[in-house]
Amino acid sequence: VLRCLGIPTRVITNFNSAHDKNLNLSIDKYIDMSGNNLHLSEDSVWNFHVWNESWFIRRDLGSFYDGWQVLDATPQEKSKGIYQCGPASTKAIKEGDVNLDYDSPFVFAAVNADCVTWLRYSKKRKERIYSDTRKIGKFISTKAVGTNSRVDVTANYKYPEVKEISFKISYSQYKNSLMDDRKILVTAV
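Residues numbered from 1 in each chain as written. Predicted model: local features only at pLDDT ≥ 70, side-chain atom pairs only at ≥ 80, totals over all residues. Heavy atoms only, no water.

### A short note on the packing of aromatic side chains
Within this structure, the stated rule accounts for five aromatic pairs. In this arrangement the basic side chain of Lys-91 is found over the ring face of Phe-64, its NZ or CZ atom lying 5.9 Å from the centre. (Phe/Tyr/Trp six-rings, centres within 6.5 Å; stacked < 30°, edge-to-face > 60°. Lys NZ or Arg CZ within 6 Å of the ring centre and 35° of its normal.)

Given below as structure tokens:
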């Protein structure tokens with residue numbers, strides 16, 4: 001319909017798409033002391049999810065948010081009392097502007113939520129035992145114009161994942177750095 005009106009529109013596919021039911025920007029899993037799943041969260045990760053993007057000027061949000069906007073024709077949650085999703089600016093999603101209207105937190109979580117496992121000791125006590133910050137929002141794609149090729153648009157939604165760099169230093173270097181920072185007093189044994 002939007003294309004018929006002359007509005008540029010394309011289909012987007014997100015692999016490992018988070019469904020953050022409680023909008024806390026994480027996909028939470030709770031286990032007991034024996035490692036059994038407690039089914040306390042309605043969050044889930046879908047193999048993929050598809051939505052549309054359309055090109056809008058955003059006078060309501062400011063020119064920074066002009067450009068591709070997420071519109072989900074198959075929303076799974078109510079937004080402001082009805083089943084709708086968007087238009088959420090892809091620039092807002094990439095920048096983490098989750099306080100904007102138009103379901104920005106939901107779309108942000110779909111492409112960038114952390115998957116967190118909690119060990120639940122009691123109703124009042126839990127401990128985070130694992131967090132995966134890289135699982136969600138992979139190979140966000142659209143179809144190329146004029147061919148059946150895939151175009152990766154992940155960079156429109158999120159910054160590249162940071163690779164962890166491991167390095168080794170000697171104990172004396174470590175001890176000296178701590179003493180230089182005056183964070184801790186290290187005594188030789």
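### A word on a nonpolar patch on the surface
On the surface, a nonpolar cluster with roughly 450 Å² of combined accessible area is contributed by Val-11, Phe-15, Phe-48, Val-50 and Phe-139. Along the chain, Val-50 falls in strand β3 (residues 44-56). By relative accessible area, Val-50 is classed as partly exposed at 32%. (Patch = residues over 30% accessible without salt bridge, like charges linked within 9 Å, V, L, I, M, F, W, Y side chains within 5 Å. Areas by Shrake-Rupley, 256 points an atom, 1.4 Å probe, with all protein chains shown as cover. Salt bridge = Lys/Arg side-chain N within 4 Å of Asp/Glu carboxyl O. Helix = DSSP H or I, 4+ residues; strand = E, 2+ residues; numbered from the N terminus. Buried < 20%, exposed > 50% of the residue type's maximum accessible area, 1.4 Å probe, protein only.)

### Here we look at the pairing of β3
Across ten bridges, the pairing between strand β1 (residues 9-19) and β3 is antiparallel. Residue pairing in the sheet places Thr-13 in a bridge with Val-50 of β3. Relative to strand β4 (residues 67-71), β3 runs antiparallel, the two sharing five bridges. Within β4, the position partnered with Trp-55 by the bridge is Trp-68. (Pairing = 2+ DSSP bridges.)

### Things to note about the sheet that holds β4
What the six strands build is an open sheet, ordered β7-β4-β3-β1-β10-β11; its pairing is antiparallel. The sheet is open, and its two borders are formed by β7 (88-89) and β11 (150-152), each paired with just one other strand. The sheet contacts of helix α2 (residues 104-112) involve β1, β3, β4, β7 and β10 (138-143), and relative to β1 the element is tilted by about 70°. (Contact = heavy atoms within 4.5 Å. Axes fitted to C-alpha atoms, helices over the stretch in contact; angles between N-to-C directions.)

### What about the sheet that holds strand β8 (residues 114-120)?
Strands in a sheet are paired, the pairing made by backbone hydrogen bonds, and the direction either parallel or antiparallel. One open sheet accounts for three strands, arranged β2-β8-β9; its pairing is mixed. Strands at the two margins of the open sheet, each flanked by one partner only, are β2 (26-31) and β9 (126-132). Put simply, the sheet's adjacent strands are angled 25° from each other on average, direction ignored. Relative to β8, β2 runs parallel, the two sharing six bridges. Across the sheet, the residue bridging to Asp-28 is Val-116, located in β8.

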